[in-house]
Each structure stands twice: as C-alpha cells, then as structure tokens.
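Below are the chains, spelled out letter by letter.
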Amino acid sequence: MTDHTARLDHVVLWVRDPIGSAEFYEKTLGMEPVRLTDFAAGQVPFPSVRLNEETILDLMPQTMAERMKMLPGAAESAGHPVNHVCIALPGDDFDALRARLEESAVPVSDIGFDSFGARGMAKRSFYFRDPDGNVFEARHYD
C-alpha cells in the first residue's frame, strides 16, 4: 500500500479450535483462510482469515494465552475485553450472510435499524456468535 492513512490491520480472536474457526468464517462469511495449511503442519502459531485486502482476523489458540506476558494482565484477558467486532457489508451480502447463518443453525439477533458506525447511520444490523462465543455485528449502509 502506498496510501499512509490509518487502517484497521487485524483483530486477534481467542479460539479453541483454530482450524474449525477458520472453516466457520470461510463457510459463513466467505473469508479466505490464510496460513491454515502452515498452522496444521505446526509451522506457524496461528492461522488467519482475510476479511478484505487490508484486514484479517487472527485465530489465536486459547492455549497461547499464557504466553501473553508482554503486557501485565494480558494472559488473563483471553476472551474478555472485546465486546464485539462489526463487519460492514453491501446489502445483498448482508442478506446472504444472515441466510447462511440461519441455514447453519447459528443463532442471530433480531434486525436493528439506524445504528451509528464508522460510516454514519447503518440501515440494518444484527448480531451473531462464532463457535467460540466471539460476538459479531453485521451491518450495511447502502
């Protein structure tokens, strides 16, 4: 990237089963797994999934929490400090995601309307959890 504006690079999620989590994100959100084969072979400590060309979600095994000693209290934070992660989609993709989640029997919240976010007021949004209990909000602005 040659553009030097601030951007969200990645979010790290604590997960029990990184391979299963990667499959969940690939099937429900259409995210592309990154380093999954390398993780399965024991060559890297965690896999990721790509949200877009600029942003990934790292799927950090909860067993790594004890190694988080670079900041006091970080090891005890596994799974707690993040309230939710919000993903903005085009309207058609929003509807398709909700349908895939429902087809997979993933519980979803009711649809909310006119919630504030990074691009102003979103037309619709809903919440769901991944297999590890991480909460996601899906929304669209168009």
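The rules behind the values
- Residues numbered from 1 in each chain as written.
- Predicted model: local features only at pLDDT ≥ 70, side-chain atom pairs only at ≥ 80, totals over all residues.
- Heavy atoms only, no water.
- Pairing = 2+ DSSP bridges.
- Helix = DSSP H or I, 4+ residues; strand = E, 2+ residues; numbered from the N terminus.
- Axes fitted to C-alpha atoms, helices over the stretch in contact; angles between N-to-C directions.
- 1 Å grid on protein atoms, 1.4 Å probe; cavity = no way out; pocket = protein on both sides within 12 Å on 5 of 7 lines; lining within 4 Å.
- Points joined across faces, edges and corners; volume = space filled by probe spheres on them.
- Nonpolar A, V, L, I, M, F, W, Y, C, P; charged D, E, K, R; others polar.
- Buried < 20%, exposed > 50% of the residue type's maximum accessible area, 1.4 Å probe, protein only.
- Polar contact = N/O pair within 3.5 Å; in protein donor to acceptor, adjacent residues only side chain to side chain.
- Contact = heavy atoms within 4.5 Å.

J.: Would you mind showing me how to read the sheet that holds strand β3 (residues 48-50) here?
T.: Backbone hydrogen bonds hold the strands of a sheet together, and the pairing may be parallel or antiparallel. Pairing in this open sheet of four strands is mixed, and the strands run β1-β4-β3-β2 from one edge to the other. Looking at the sheet topology across the chains shown, the edges are occupied by β1 (10-15) and β2 (32-34). Pairs of neighbouring strands in the sheet enclose a mean axial angle of 30°, with direction left out of account. Here β1 runs beside strand β4 (residues 56-61); their pairing, made up of six bridges, is parallel.

J.: I'm lost on the layout of surface pockets in this one. Help?
T.: A probe matching the size of a water molecule, rolled over the atoms, marks out where space remains unfilled. Estimated volume of the second largest pocket: approximately 290 Å³. Taken together, 14 residues line the second largest pocket, and the ones lying closest to its centre are L8, L51, T55, C86 and I87. Here the lining of the second largest pocket takes four residues from strand β5 (residues 85-88), the largest share from any one element. Partitioning the lining of the second largest pocket into residue classes produces 12 nonpolar, two polar and no charged.

J.: Whenever I open this one, the side chain of T28 confuses me. Can you help?
T.: Residue position: T28 is located in helix α1 (residues 18-29). Taking relative accessible area as the criterion, T28 reaches 2% and is therefore assigned buried. Among the polar contacts listed, one links the side chain of T28 to the backbone oxygen of F24, at a separation of 2.8 Å. Ignoring sequence-local partners within four residues, the contact set of T28 consists of L97, R100 and L101.

J.: Please clarify how unusual backbone geometry should be interpreted in this entry.
T.: Peptide bonds are, in most cases, trans, and in most cases residues other than glycine have a negative phi. Not every positive phi belongs to a glycine, and A105 is a case in point at roughly 60°. Exposure remark for A105: the relative accessible area of 64% places this residue in the exposed category. With phi around 55°, D114 is a residue other than glycine that occupies positive phi space. Among the secondary structure elements, D114 is positioned in strand β6 (residues 112-117).

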